[in-house]
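These are the residues of each chain, in order.
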Amino acid sequence: MTDRREKREMTVFKEYRIGSFAYHLGVTQAFLKHYEEAGLIDAKQNEKGYRYYQFPQAGRVFEYMRLHSFGIQIKQMKCALAADEETAFKTIDDHADELQQKADRLQAIVDEHRRFNKWHDAMRGNETKWEVKEIEPIYFLPHTSGQDFLDDDRIYEVLGAWCGAMPLTKSALWAKNPLEKGNVDETYWGLAVSEENLKRAGIPVNGAVKKIPPCHAFIYHFFDLPHPSTIWEVAQGQHPAFDKMRELGFHPAGDALFVIEMKLEKDGVKRGFGRVVIPISE
């Protein structure tokens, strides 16, 4: 046993200049210097200042790269590597859960784009379409009214998370039952999101958030619509969606939500793509 230990202690490992070592590990020289400065790997310097790394350092670098792939920060790596088995697994489990949340959010963004793309193709050649169907809940976070930001601390507690969830959250206008009550103070700009995307992205909800519950709704789709209506017009019930409702004889059973999928502006003309959602009496 003593002879083996002495043999290990006497082993002379091959050394590599920093450029060669970085090349064989598939990293940059700056990467190695950064990890060295953090105390994670060791380098020898000769009298000319050249860095040399011993071969066993390669295994350590790969282990740190494994931890990095889970999102573990450099300052936490030394402790993570020296942890007992149970703690090591718990650390990776926590970071894997965070990665799963990010993956779910990214997949939701891709799915939402595919849905919008499909809608866009179906609307080609039609400036407007309408339908009546059952809808899932839609959540709305108000942010402004008229020309003023709303003064409600609850809004700003969650606004950052809602903005960070774009394009799952979309610019939207909430109108307080405009066919029955015209009041500009009852219209709000903010962000809207479907219940499915709210859950997939983990978007927070508090008392400032409004909600259209699952219901029978009139949906008015608009595609490349020039000169979108103003807030005042919407508050007074002046919008093609409301005109179509009157024509068809539908009666609103709740507040209206204008969801803007996309806005364009060319030659001074604003154009909108989106839909109006209005709960109706069955």
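Not measured: the values here are computed from a predicted model. (Residues numbered from 1 in each chain as written. Predicted model: local features only at pLDDT ≥ 70, side-chain atom pairs only at ≥ 80, totals over all residues. Heavy atoms only, no water.)

Describing the pairing of strand 8 (residues 187–194)
Burial runs high along strand 8: 7 of the 8 residues are buried. Judged from the 6 bridges that link them, strand 5 (residues 138–145) and strand 8 form a sheet pairing that is antiparallel. From the neighbouring strand, Ile138 faces strand 8, where its bridge partner is Ser194. By the bridge criterion, 6 bridges tie strand 7 (residues 170–175) to strand 8 in an arrangement that is antiparallel. If you follow Lys170 over to strand 8, its bridge partner there is Ala192. (Buried < 20%, exposed > 50% of the residue type's maximum accessible area, 1.4 Å probe, protein only. Helix = DSSP H or I, 4+ residues; strand = E, 2+ residues; numbered from the N terminus. Pairing = 2+ DSSP bridges.)

Here we look at the pattern of salt bridges
Under the criterion given, the structure shown has 17 salt bridges. Between Arg66 and Glu63 there is a salt bridge, with the nearest N and O atoms lying 2.6 Å from each other. With Arg66 and Glu63 both in helix 4 (residues 57–69) and 3 residues apart, the pair spans about one turn of that helix. What makes Glu63 partly exposed here is its relative accessible area of 24%. Within the structure, one salt-bridge network assembled from shared partners comprises Glu112, Arg115, Lys170, Glu261 and Arg275. (Salt bridge = Lys/Arg side-chain N within 4 Å of Asp/Glu carboxyl O.)

Some details on helix 6 (residues 85–123)
When the terminal C-alpha atoms of helix 6 are compared, their 57 Å separation across 39 residues agrees well with the 57 Å that a helix rising 1.5 Å per residue should span. Looking at helix 6, one finds that the buried residues are Ile92, His95, Ala108, Ile109, Glu112, Phe116, Trp119, His120 and Met123. With its phi angle positive at about 85 degrees, Gly125 sits one or two positions after the end of helix 6. (Expected span 1.5 Å × (residues − 1).)

As for the layout of surface pockets
Size it by volume and the largest pocket reaches roughly 690 Å³. Forming the boundary of the largest pocket are 31 residues, of which Arg115, Lys133, Glu136, Glu261 and Arg275 lie nearest the centre. Contributing elements (two or more residues each) for the lining of the largest pocket: helix 6, strand 4 (128–135), strand 8, helix 8 (195–201), strand 10 (215–226), strand 11 (256–266) and strand 12 (269–279). With 8 residues, helix 6 is the largest single contributor of residues to the lining of the largest pocket. Within the lining of the largest pocket, the residues separate by chemical class into 13 nonpolar, 4 polar and 14 charged. (1 Å grid on protein atoms, 1.4 Å probe; cavity = no way out; pocket = protein on both sides within 12 Å on 5 of 7 lines; lining within 4 Å. Points joined across faces, edges and corners; volume = space filled by probe spheres on them. Nonpolar A, V, L, I, M, F, W, Y, C, P; charged D, E, K, R; others polar.)

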